[in-house]
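# Summary of structural features
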Amino acid sequence: MAEIVSGTASVLESPKDRILQEDLELLAKDSSVPFEMLSGKTVLVTGATGLVGSQVVRSLACSNRVRGTKIQILAFVRSEEKARNVFGTLLGRGDVSLVTGDVAEPVDCDGPVDYIIHGASATSSRYFVSNPVETILTAIHGTSNVLEFARKKQVQGFLYLSSLEVYGTPDADAGMIGEDYSGYINPLLVRSSYSEGKRMVECLCASYASEYGVPVKIARLSQTFGAGVDYADGRVFAEFARCAIEKKDIVLHTEGKTVRSYCYTKDAVAAMLVILLKGETAQAYNVTNMDTRISIAAMAQLVCDTFADAGIRTAFDMPEDVAAFGYNPEMVIALDSTKLEALGWKPTVGLREMFVRLADSMEISAGRK
């Protein structure tokens, strides 16, 4: 087994969560992900303590251990204390370093930076509604600061993590959504702070590529989940899995008619690295498993069926003020990942297995297994 950069090969990337560790090692051995292109390079990851960002950090570190790629990983974080809790003993290996700062301020760190993966963003639907100004400004000012840093460092590659929400509300007959589609977003709804912010930042990324030559690529993520989700996570997939674990009925606050496609975390991280290293500058790529297209209500039933031993069912409780929950308008939005798959990426985990691995990982993190 290859040596860690200035560290110890025996230190695993996720020693407390065997499900996540399995994912990391499968990804490190995935021949479709060109980790070798990052050999000896320095990669900065913003939003590094979030679900996706932390798995990017761990995946690069796992590549060092399994493939001997000797990547230097800079985890850009706001809270050093939180980062130490997230990464634990991994920080003692020598290949992962913390850079403490806030993307709302000018970004800087000493030494070379070859690649940047920018994932720092607001992520809570309730936050989008309660703090729309901060949601917008974090997107625009934060990304501007990171792009300026990339320009200064003359990076070889930059990946911006965008969202399926840039497509707004598609037309009823839109079918599979490709990267050239643009749906309707009402700019006067405060919930649009996230969607409009993402749209504006994508334009900012394309503009930096055009005017300053920053090699920006964009990953438009569908809702992404799997191993590594915190037990207390408030998003719908975590709530469904938590209900199964605790043997409580799933309660929906809408009719659950919205249809989306999803992606497993390991598959999403693989896609992001493929886009960063093989994608075309100033282009966006949908990241989704097209086989996971399902409505919220049907997904709730799938969870009930998958965890049949829990004996749970789906119930409905419609609040008077649905907007306070930060839900998007009802829609059908199924992303088309053909453009990404042309780069050599393919999803590997289906929706039922996503929930099984999610629930196992959540139970481990909560000390229930």
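Everything numeric in this text was worked out from a predicted model, so none of it was measured.

### Notes on the packing of aromatic side chains
The full count for this structure, using the stated rule, is five aromatic pairs. With centroids separated by 4.7 Å and ring planes inclined at 15°, the aromatic side chains of Phe-225 and Phe-237 adopt a geometry described as stacked. Remark: Phe-237 occurs in helix H7 (residues 236–246) and Phe-225 occurs in strand S8 (residues 223–225); sequence separation between them is 12 residues. For the pair Phe-225 and Phe-237, a shared accessibility class is recorded, and that class is buried. With centroids separated by 6.1 Å and ring planes inclined at 70°, the aromatic side chains of Phe-225 and Tyr-262 adopt a geometry described as edge-to-face. With Phe-225 in strand S8 and Tyr-262 in strand S10 (residues 259–264), this residue pair connects regions lying 37 residues apart in the sequence.

### Overview of the packing of helix H1 (residues 18–28) against helix H8 (residues 265–278)
Taken N-terminus to C-terminus, the directions of H1 and H8 make an angle of 30°; their axes are 10 Å apart at the nearest point. Crossing of H1 against H8: the hand is right-handed. On the side of H1, the interface is formed by Asp-23, Leu-26 and Leu-27, while H8 contributes Lys-266, Val-269 and Ala-270. Of the residues assigned to the contact of H1 with H8, the class counts are four nonpolar, no polar and two charged.

### Comments concerning a nonpolar patch on the surface
Taken together, the side chains of Val-133, Ile-136 and Leu-137 present a nonpolar region at the surface, about 230 Å² in accessible area. Structurally, the position occupied by Ile-136 is in helix H5 (residues 132–153). Under the relative-accessibility criterion, Ile-136 is labelled partly exposed at 33%.

### Focus: the packing of H7 against helix H11 (residues 351–365)
As a packed pair, H7 and H11 sit with axes 10 Å apart at the nearest point and diverge in direction by 70°. Put simply, H7 runs roughly perpendicular to H11. Contact residues: Phe-237, Ala-238, Phe-240, Ala-241, Arg-242 and Ile-245 in H7; Phe-355, Leu-358, Ala-359, Met-362 and Glu-363 in H11. Of the residues contributing to the contact of H7 with H11, the split by class is nine nonpolar, no polar and two charged.

### Overview of the nonpolar core
Ranked by size, the top nonpolar core spans 43 residues in total, and within it Leu-60, Ile-117, Met-272 and Val-287 carry the most contacts. Top contributing element to this core by residue count: H8, with 10 residues. By size, the runner-up hydrophobic cluster in this structure holds 39 residues, among which are Leu-20, Met-299, Val-303 and Ile-312.

### Here we look at the side chain of Ser-63
Its place among the elements puts Ser-63 in helix H2 (residues 51–67). Residue classification places Ser-63 among the buried positions, given a relative accessible area of 0%. A polar contact of 2.8 Å, which involves the side chain of Ser-63, links it to the side chain of Thr-69. Dropping the residues within four chain positions of it, Ser-63 is found in contact with Ala-28, Phe-35, Gly-68, Thr-69 and Ile-71.

### Quick look at the confidence of the model for the protein
The share of residues in the protein with pLDDT of 70 or more is 95%, and the mean pLDDT across the chain is 94. Here residues 1–8 scores under 50 on pLDDT; set against residues more than four positions off or in separate chains, the count is 23 contacts.

### As for unusual backbone geometry
One non-glycine residue, Lys-70, lies in the positive phi region at around 55°. Inspection of the secondary structure assignment puts Lys-70 in the loop between H2 and strand S2 (72–77). By relative accessible area, Lys-70 is classed as exposed at 54%. Not every positive phi belongs to a glycine, and Ala-282 is a case in point at roughly 65°. Relative to the assigned elements, Ala-282 resides in the loop between H8 and strand S11 (284–287).

Reading guide: rules and limits
Residues numbered from 1 in each chain as written. Predicted model: local features only at pLDDT ≥ 70, side-chain atom pairs only at ≥ 80, totals over all residues. Heavy atoms only, no water. Phe/Tyr/Trp six-rings, centres within 6.5 Å; stacked < 30°, edge-to-face > 60°. Helix = DSSP H or I, 4+ residues; strand = E, 2+ residues; numbered from the N terminus. Buried < 20%, exposed > 50% of the residue type's maximum accessible area, 1.4 Å probe, protein only. Axes fitted to C-alpha atoms, helices over the stretch in contact; angles between N-to-C directions. Left-handed = near helix turned anticlockwise from the far one by under 90°. Contact = heavy atoms within 4.5 Å. Nonpolar A, V, L, I, M, F, W, Y, C, P; charged D, E, K, R; others polar. Patch = residues over 30% accessible without salt bridge, like charges linked within 9 Å, V, L, I, M, F, W, Y side chains within 5 Å. Areas by Shrake-Rupley, 256 points an atom, 1.4 Å probe, with all protein chains shown as cover. Salt bridge = Lys/Arg side-chain N within 4 Å of Asp/Glu carboxyl O. Parallel < 35°, antiparallel > 145°, perpendicular 65-115°, else oblique. Core = buried A, V, L, I, M, F, W, Y, C linked by side-chain atoms within 4.5 Å. Polar contact = N/O pair within 3.5 Å; in protein donor to acceptor, adjacent residues only side chain to side chain. pLDDT = per-residue confidence, 0-100.

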